[in-house]
Amino acid sequence: MRIKLTLIAVFFSILTTYSQEIIVPLAGNPNLYGLKKTERNKNASTPLLLPFFDDFSNYTLYPDSALWDDNYAYINTQFAINPISIGVATLDALDENGNLHSNASSSQFPADTLTSKTIRLDSVFEPSINAFKAIKISDSLYFSFYFQPGGGRGNPWERIGDAPEKEDSLVLEFFSPPLQKWIHIWSTTGMPLDSIYLKTNQYFKYVMIPVNDSVKFFHKDFKFRFRNYCSLGNNIIPSWSGNCDQWNIDYIYLDKQRRQKDTTFRDLTFIEKAPSFLKKYQAMPAGQYQISELKDTLYIKLSNLDDTLLYSEYKYEIRNNGVLVHTENRGPENIKPFWVNGYQDLIVHSKPPVTYDFQPPLLYSKTFEIRHIFKKTGPQDFCPKNDTNIFYQIFDNYYAYDDGTAENGYGLSPAGSKLAYKFTLNHPDTLVAVEMYFNSTFNQANQKLFYLTVWNDNGSEKPGDTIYRSNLLLPVFENKLNKFHSYILDRQLSVSGNIYIGWTQTTDDNLNIGFDRNNSSEENIF
């Protein structure tokens, strides 16, 4: 949820309330709406050379056009639970524009694909002879990857995405140039994440496949692709219907001189998106900022994918308008192997956590790029790019509990239900508008009337009297990247101290407001 004090926006973090709450998969992907896609040259004549590797740590919404031929997979840091490295490719029921596939139905239907560029498997370049050398079966060529079904574990409120059902599937195919057709190589039926975790104590399952059919595949125009098959289910309430059946794929690797038991990589990697430096918010107004708003401890999850202890140096850098304004070396960190110790938190202590305190005048240039960097001592990492993690700290004219990306849709029932989100102002200010992001649904079934409502504090840290209620409003959908709709108040509202902003339902239907699974602010929800 986001609140602006010249513009206020609503976009929910994980919460609990006394009304009956509804959590549903997205009907669309707000990150992809209106985004201009990378132009791809699908007729490129130069194939890629071995090794082929992608861990999706660029996480820039679409697959890297230097490696992939299509845009259907969603590259992100939000949908996976404890990925192998930061960023995954998510296959789901949405097309490259973030809308449900046109052939979507309650029965199984083909959905996304993730197709590689052509890869040269007839030969490999040998620097020692400065020439290409034919690949042989004895070169021990293997293809590997990790996968995770969506949905998360345990309590439904703590799950991200939607688990594929048994009739759904994830499929891997290799393209045979001499046969000019795709060959089925591997597949799995739908399952909950628990079916993997309870057996292996791991969140992703590792798949290792030998490539040893030289007749079909050892050619210069080899390709591979992942495909998924979805089903929307039989939900009879249109405002609840949405995206479903996610599969997360990570750490795809094709190379020679590998072994069946290759399960470790000399790689130190961040796992999830870097956190905000603020205690409560992802962003806040510059005029409301105080140093006391900063956290005293940061936790950043990382992993050592090797089987030995790795020594590294950690630092962070802060840039403002591209100019380095602060850097701090935090010294060595000894990271134990993941397979022994599991994921590990990099814990950054200080009061405040950065010696740079975001004070004016730089504060009023709004955006600070905070770059966390690990550099392993000794031999280079297997994948150097995943040792950098960036967070953009924004000081504008709004408060935001959310990170700007919705993983689900949220609503209340029955009619008359109310939700209030608490914000504490350090100084009196003026409320002008509320911004909200609504997920689109089949036939815009969530176009239901509601009241935008603001309450004051009753003196006991709870919503008190209603100080503003709008006329009846309808959800409005903005067809742009992460675009919230601004509901302009019909009068400016002077506010101070604790204020509570939300809405009042007029029907039993799900309004399907964007729901942020990755940031919990339940203590501020009423």
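Structure shown above.
The following refers to the structure shown. A quick note: this is a predicted structure, and the numbers were derived from the prediction, not measured.

Parameters and conventions
- Just so you know, the residues in each chain are numbered from 1, in the order the chain's sequence is written.
- Local features in this predicted model are restricted to residues of pLDDT 70 or higher, and side-chain atom pairs are both shown and tallied only at a pLDDT of 80 or more, whereas totals for entire chains, interfaces and linings draw on every residue.
- Heavy atoms from the whole structure form the basis of all side-chain values; hydrogens and water molecules are not counted.
- Criterion for a salt bridge: a side-chain nitrogen of Lys or Arg within 4 Å of a carboxyl oxygen of Asp or Glu.
- Burial here depends on accessible area, computed with a 1.4 Å probe over protein chains only, as a share of the maximum for the residue type. Under 20% is buried, over 50% is exposed, and the range in between is partly exposed.
- To qualify as a nonpolar core, a set must consist of buried Ala, Val, Leu, Ile, Met, Phe, Trp, Tyr and Cys residues joined through side-chain atoms within 4.5 Å.
- What makes two residues a contact is simply this: any of their non-hydrogen atoms within 4.5 Å.
- What counts as a helix is a DSSP run of H or I of at least four residues, what counts as a strand is a run of E of at least two, and both are numbered from the N terminus.
- The rule for pairing is simple: two strands pair if DSSP sees at least two bridges between them.
- Only C-alpha atoms enter the line fits that serve as axes; for helices the fit covers just the stretch in contact. Angles between N-to-C directions range over 0 to 180 degrees.
- What qualifies as a polar contact is a pair of N or O atoms within 3.5 Å, subject to a donor-acceptor requirement within protein and to the restriction that residues adjacent in sequence count only when both atoms come from side chains.

## Regarding the pattern of salt bridges
Pairing between side chains of opposite charge can happen when the charged atoms of each approach one another.
Thinking step 1. On inspection of all chains with the given rule, the structure shows 16 salt bridges.
Thinking step 2. Across the pair Asp262 and Arg259 runs a salt bridge, and its minimum N-O distance is 3.6 Å.
Thinking step 3. For Arg259, a relative accessible area of 54% gives the class exposed.
Thinking step 4. Lys315 is the partner of Glu317 in a salt bridge, and the nearest nitrogen-oxygen pair spans 3.1 Å.
Thinking step 5. Taking relative accessible area as the criterion, Lys315 reaches 26% and is therefore assigned partly exposed.
Thinking step 6. Via salt bridges that share partners, Asp54, Asp55 and Lys385 belong to a single interconnected network.

## Examining the nonpolar core
Thinking step 1. Ranked by internal contacts, the top residues of the largest apolar core, which has 55 residues, are Ile318, Phe358, Phe395, Met436, Phe450 and Trp503.
Thinking step 2. If sequence neighbours within four positions are ignored, Ile318 has contacts with Val323, Leu324, Val325, His326, Val354, Tyr356, Phe358, Phe368, Glu369 and Ile370.
Thinking step 3. Among the nonpolar cores identified, the runner-up in size contains 38 residues, and Leu114, Leu121, Phe147 and Leu254 belong to it.

## Overview of the pairing of strand E8 (residues 109-115)
Sheet faces and side chains relate simply in a regular strand, where the side chains alternate between the two faces.
Thinking step 1. A large share of E8 lies buried, amounting to six of its seven residues.
Thinking step 2. In terms of strand pairing, E8 meets strand E15 (residues 223-230) through five bridges, oriented antiparallel. Looking at the pairing, Phe109 lines up with Cys230 of E15.

## Things to note about the sheet that holds strand E13 (residues 181-189)
Thinking step 1. If you trace the four strands from one edge of the open sheet to the other, you get E8-E15-E12-E13, paired in antiparallel fashion. Two strands lie at the open edges of the sheet, namely E8 and E13, each paired on one side alone. Ignoring strand direction, the axes of neighbouring strands in this sheet form an average angle of 25 degrees.
Thinking step 2. Where strand E12 (residues 169-176) lies against E13, eight bridges are found, and the strand directions are antiparallel. Bridge assignment links Ser176 to a residue of E13, and that residue is Lys181.

## Topic: the side chain of Gln288
Thinking step 1. Within the secondary structure, Gln288 is located in the loop between strand E18 (283-285) and strand E19 (297-304).
Thinking step 2. Residue Gln288 is classed as buried on the basis of its relative accessible area, which comes to 1%.
Thinking step 3. There is a polar contact of 2.9 Å between the side chain of Gln288 and the backbone oxygen of His427.

## Details of the sheet that holds strand E17 (residues 268-270)
Thinking step 1. Reading across the sheet, the three strands line up as E17-E19-E22 and stay open at both edges, with antiparallel pairing between neighbours. With partners counted over all chains shown, the strands left at the sheet margins are E17 and strand E22 (344-349), one partner each. Pairwise comparison of adjacent strand axes, ignoring direction, gives a mean angle of 40 degrees for this sheet.
Thinking step 2. The sheet contact formed by E17 and E19 spans three bridges and is antiparallel. Paired with Leu268 across the strands is Asn304, a residue of E19.

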